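Examination of the molecular architecture
Spelled out from the first residue to the last, the chains are:
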Amino acid sequence: MKEVQVYTDGACSGNPGKGGWGAVLVYNGIEKEISGSDAETTNNRMELTAVIEALSALKEPCRVTLTTDSKYVCDAINQGWLNSWIKNKWRKSDKKPVLNIDLWKKLLPLLEKHKVEFIWVKGHNGHKYNERCDALAVNEYQKL
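The structure contained in this document is the topic of the report that follows. (Residues numbered from 1 in each chain as written. Predicted model: local features only at pLDDT ≥ 70, side-chain atom pairs only at ≥ 80, totals over all residues. Heavy atoms only, no water.)

In this description, a pair of aromatic rings is defined by centroid distance and the angle of the planes. The full count for this structure, using the stated rule, is 4 aromatic pairs. An angle of 15° between the planes, with centres 4.3 Å apart, marks the rings of Tyr7 and Tyr129 as stacked. Pair noted here: Tyr7 is in strand β1 (residues 2-14) and Tyr129 is in helix α5 (residues 128-142), with a separation of 122 residues, a long-range link. Taking the ring centre of Trp120 as reference, the NZ or CZ of Lys71 above it sits at 4.9 Å. (Phe/Tyr/Trp six-rings, centres within 6.5 Å; stacked < 30°, edge-to-face > 60°. Helix = DSSP H or I, 4+ residues; strand = E, 2+ residues; numbered from the N terminus. Lys NZ or Arg CZ within 6 Å of the ring centre and 35° of its normal.)

End to end, helix α1 (residues 43-56) covers 20 Å across 14 residues, agreeing with the expected 20 Å (1.5 Å per residue, within 8%). If you check which residues of α1 are buried, you get Met46, Glu47, Leu48, Thr49, Ala50, Val51, Ile52, Ala54 and Leu55. (Expected span 1.5 Å × (residues − 1). Buried < 20%, exposed > 50% of the residue type's maximum accessible area, 1.4 Å probe, protein only.)

Along the chain, the position of Asp134 falls in helix α5. Here Asp134 occupies a buried position and makes no salt bridge, while the nearest side chain of opposite charge, Arg132, is found at 9.5 Å. When neighbours within four sequence positions are excluded, Asp134 is seen to be in contact with Asp9, Ala11 and His124. (Lys, Arg positive; Asp, Glu negative; His and termini not counted. Salt bridge = Lys/Arg side-chain N within 4 Å of Asp/Glu carboxyl O. Contact = heavy atoms within 4.5 Å.)

Before going further, it helps to examine the pattern of salt bridges. Considering all chains together, one arrives at 6 salt bridges under this definition. For the salt bridge of Asp102 with Arg45, the shortest nitrogen-to-oxygen distance reads 2.8 Å. Within this pair, whereas Asp102 is found in helix α4 (residues 101-113), its partner Arg45 is found in helix α1, the two being separated by 57 residues in sequence. The class of Asp102 is partly exposed, set by a relative accessible area of 43%. Here Lys143 ties to Glu140 by a salt bridge, and the two come within 3.4 Å at their closest N and O atoms. Classification of Lys143 as exposed rests on a relative accessible area of 57%.

By the bridge criterion, 10 bridges tie strand β2 (residues 17-27) to strand β3 (residues 30-41) in an arrangement that is antiparallel. If you follow Trp21 over to β3, its bridge partner there is Gly36. Remark: 2 residues form the turn of the hairpin made by β2 and β3, two consecutive strands paired antiparallel; Asn28 in that turn has positive phi of roughly 50°. (Pairing = 2+ DSSP bridges.)

One can find Asp9 in strand β1. Buried and without a salt bridge, Asp9 has Arg132 as its closest oppositely charged side chain, separated by 11 Å.

Our next topic: the nonpolar core. Within soluble globular proteins, side chains that are nonpolar generally end up buried alongside one another. Ranked by internal contacts, the top residues of the largest apolar core, which has 30 residues, are Leu55, Trp104 and Leu107. Taken together, the elements giving at least two residues each to this core come down to β1, β2, α1, β4 (62-68), α2 (71-78), α3 (81-87) and α4. Ignoring sequence-local partners within four residues, the contact set of Leu55 consists of Val64, Leu66, Leu107, Leu110, Leu111, His114 and Val116. Grouped together as the second largest cluster of nonpolar side chains are 6 residues, Tyr7, Val26, Cys133 and Leu136 included. (Core = buried A, V, L, I, M, F, W, Y, C linked by side-chain atoms within 4.5 Å.)

Okay, here's the thing in C-alpha cells:
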C-alpha cells in the first residue's frame, strides 16, 4: 500500500454560516492541495468534508496518516464514538441523534477502503500544513 500523509481543516464565518475546507495530500514529497466551500454550513461539517474529500481524492487503497485540528473528527474515530453511534442506530450516549449523519455515512466506506490513522494537532499553532489547510479553507469561504 502506498503511504500518504493527509492534512485537513475546515473553517466557518459564523456557525452556521459560510464555510470552507482545505486539504493537502503528500505522497513521495509531492504535494497536492484541494479545497471547496459551502454557502450555509457549520465548522464541523467543513472539518468532516475536508476529510471525506481528501480520502476520496486517493485513487487506490492507501495507508494514510491524517492530521487534523478537529477534536470532533479525531475523537469520533479514535475514541470509538463512531462505532457506538452506528451500534445505537445513530444516537449518541445521551440518546440524541448524531449530527452530520450524512457525512459520517460518506466517510464510512472510505475508512474501509483506506487504512487511516487520525492524528490531532492544536490549530493555529504554527503547524505548517495545518496553517496551509486553514488558509485554503478561509480563502474558499471568502470567495462566496
